[in-house]
Amino acid sequence: DAGITQSPRHKVTETGTPVTLRCHQTENHRYMYWYRQDPGHGLRLIHYSYGVKDTDKGEVSDGYSVSRSKTEDFLLTLESATSSQTSVYFCAISEEPYEQYFGPGTRLTVT
Amino acid sequence: QKEVEQDPGPLSVPEGAIVSLNCTYSNSAFQYFMWYRQYSRKGPELLMYTYSSGNKEDGRFTAQVDKSSKYISLFIRDSQPSDSATYLCALDRGSNYKLTFGKGTLLTVNP
């Protein structure tokens, strides 16, 4: 998985609780991304980062925030989890526009 | 019209068959064209990419881009059961490092 880890790998949480997912890379790539993958929707970009402290929204950013204080770590926070945020979350890294490398994913269930 | 359209399948073929997977797109600004393979419960992995129009071959895999028709293809020769996965096309404009993904085609190669 190209030196990308995600934690936790599985999480079950209750509606209304905050949740933070972590992506860690050892490749020193500049770009980092958070996606969610749902049946019928494919991969959708939530947020991405183009450097430390530089982030921007993707197509489904409502209800999510991100932070990147170090090159190697990109955090995704659900401020108040809802059932619609039950999904598989993937982190990806990139140094070239045509090469994104994905992590193993986090399965999040919001009950 | 969606930016990228990909037939979700499922596609089932016998071992040894030639497989053709396709995507169409609407935005002529796309410059890079990628194919990712995703095994069940794993993250997507980059198979190959093509810049602009033309063909690119890598072993049993051939990627083809026809920008005039806004049509991209991935051919798999001598398909193997290990090729059973979901295949996603992804496109990039080359300027903002954000990929647009198709929804994926589920392929099963039967021994």
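Residues numbered from 1 in each chain as written. Chains lettered and ligands numbered in written order. Predicted model: local features only at pLDDT ≥ 70, side-chain atom pairs only at ≥ 80, totals over all residues. Heavy atoms only, no water.

A. Region of interest: the nonpolar core. The biggest cluster of nonpolar side chains holds 24 residues, and the ones touching the most others in it are Trp35(B), Ile72(B), Leu74(B), Tyr87(B) and Leu91(B). Beyond its immediate sequence surroundings of up to four residues, Ile72(B) is in contact with Leu21(B), Asn22(B), Cys23(B), Tyr25(B), Phe33(B), Trp35(B), Gln64(B), Val65(B), Cys89(B) and Leu91(B). (Core = buried A, V, L, I, M, F, W, Y, C linked by side-chain atoms within 4.5 Å. Buried < 20%, exposed > 50% of the residue type's maximum accessible area, 1.4 Å probe, protein only. Contact = heavy atoms within 4.5 Å.)

B. Fine view of the packing of aromatic side chains. Here the structure, examined in full by the defined rule, presents 14 aromatic pairs over all chains. Taking 5.6 Å as the distance between ring centres and 90° as the angle between the ring planes, the aromatic pair formed by Tyr35(A) and Phe101(B) counts as edge-to-face. Note that Tyr35(A) is positioned in strand E4 (residues 31-38) and Phe101(B) in strand E10 (residues 100-101), a pairing that runs across two chains. Neither Tyr35(A) nor Phe101(B) differs from the other in exposure class; each is buried. Where Tyr48(A) meets Tyr50(A), the ring centres are 6.2 Å apart and the plane angle is 50°; that geometry is what we call tilted. Of the aromatic side chains, those joined through ring pairs into one cluster are Tyr31(A), Tyr33(A), Tyr35(A), Tyr48(A), Tyr50(A), Phe90(A), Phe102(A), Tyr36(B) and Phe101(B). (Phe/Tyr/Trp six-rings, centres within 6.5 Å; stacked < 30°, edge-to-face > 60°. Helix = DSSP H or I, 4+ residues; strand = E, 2+ residues; numbered from the N terminus.)

C. Spotlight on the interface of chain A and chain B. Contacts between chain A and chain B engage 23 residues on the former and 19 residues on the latter. Contact with chain B buries area across many residues of chain A, yet Leu43(A), Pro97(A) and Tyr98(A) alone supply 34% of it, more than any other trio. Taken together, the connections running from chain A to chain B amount to zero salt bridges. Linking chain A with chain B are three residue pairs in polar contact (both at pLDDT 80 or more). Elements supplying a minimum of two residues to the side of chain A that touches chain B: E4, strand E5 (42-51), strand E9 (87-96) and strand E10 (99-102) of chain A. (Buried area = accessible area lost by both parts, 1.4 Å probe. Salt bridge = Lys/Arg side-chain N within 4 Å of Asp/Glu carboxyl O. Polar contact = N/O pair within 3.5 Å; in protein donor to acceptor, adjacent residues only side chain to side chain.)

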